[in-house]
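Chains, contacts and geometry: an overview
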Amino acid sequence: MADTALSIPRRSPLTGAADRLAAATRASGGAVRLAELPFLAQTNLRLDAKGAAADAVGLALGLQLPLQPNTVVRAGELTALWLGPDEWLVVGPPGTQQDLESRIRAATGDAPVSVTDVSAQRTTLLVAGPRARDLLAHGCPLDLHPRAFGAGRCAQTTLARAQIVLVARDESRAGFWVLVRSSFAGYLTDWLLDAAAEYV
């Protein structure tokens, strides 16, 4: 039987915004850097943090799930974000979501877990540069000072009234990931571009 499924190329919710984001980066003279990181694999994981399954997932992925609230653990190309006492978001390179889900399911066996591919739910905006914190502070209620929200921290919060997951990246000058629902991505991009005009 012939395969009749249509092959539709993936389309980011911010298709067409790359030029505007790059122009804002150039106009700021490097004060802020804005870009989309489309199609990152995102797997939501819920399980007992104190159970054997958590250790097994850590071994299977090569990184331990963070146990401290609002923290991030990174190993290689994978990043695990603490979202709650029994909930994490594992982020990986584009196209790896099936592999991530398979590895987690194989590691947990019959343990009571929830593993959900949420890659299509959100896109990721990169906000970096020396004025990145100032830019985000215009619309985020968190204290973004490095002492309060330094490298390796994450939080579910809002930015310009849009719900986001904010991640302070741990690499030098890497800035922030802003994980935003696809339906709000265009709105939030417009807001960021408008706020970044201050640095032109």
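Above this text is the structure in question.
Cut-offs used in this document
- Residues numbered from 1 in each chain as written.
- Predicted model: local features only at pLDDT ≥ 70, side-chain atom pairs only at ≥ 80, totals over all residues.
- Heavy atoms only, no water.
- Pairing = 2+ DSSP bridges.
- Helix = DSSP H or I, 4+ residues; strand = E, 2+ residues; numbered from the N terminus.
- Axes fitted to C-alpha atoms, helices over the stretch in contact; angles between N-to-C directions.
- Contact = heavy atoms within 4.5 Å.
- Parallel < 35°, antiparallel > 145°, perpendicular 65-115°, else oblique.
- Left-handed = near helix turned anticlockwise from the far one by under 90°.
- Nonpolar A, V, L, I, M, F, W, Y, C, P; charged D, E, K, R; others polar.
- Buried < 20%, exposed > 50% of the residue type's maximum accessible area, 1.4 Å probe, protein only.

**Some thoughts on the sheet that holds strand 5 (residues 87-92)**
- Strand order in the open sheet made by the five strands is 3-4-5-2-6, with antiparallel pairing throughout. Single-partner strands in this sheet number two, and they are strand 3 (72-75) and strand 6 (114-117). With direction set aside, neighbouring strand axes in the sheet form an average angle of 20 degrees.
- Sheet topology places strand 2 (residues 41-46) next to strand 6; four bridges connect them, and they run antiparallel. Residue pairing for strand 6: N44 is matched across the bridge by T116.
- Along the sheet face, helix 3 (residues 97-108) touches strand 2, strand 4 (78-84), strand 5 and strand 6 and points at about 25 degrees away from the line of strand 2.

**Some thoughts on the side chain of T79**
- Structurally, the position occupied by T79 is in strand 4.
- With near-sequence residues (within four places) excluded, T79 lies in contact with L63, V72, V73, R74, L89, V90, V91, R169 and W177.

**Considerations on the packing of helix 1 (residues 18-27) against helix 5 (residues 182-196)**
- Taken N-terminus to C-terminus, the directions of helix 1 and helix 5 make an angle of 20 degrees; their axes are 10 Å apart at the nearest point. Taken as axis vectors, helix 1 and helix 5 run roughly parallel relative to one another. Once helix 1 is placed against helix 5, the crossing between them reads as left-handed. The residues of helix 5 that touch helix 1, namely those facing R20, L21 and A24, are T189, D190 and L193.
- When its residues are assigned to classes, the contact of helix 1 with helix 5 shows three nonpolar, one polar and two charged.

**Observations regarding the environment of A17**
- Mapping A17 onto the fold places it in the segment before helix 1.
- Residue A17 is classed as buried on the basis of its relative accessible area, which comes to 5%.
- Distance in space between the C-alpha atoms of A17 and A35 is 8.7 Å, their sequence separation being 18 residues.

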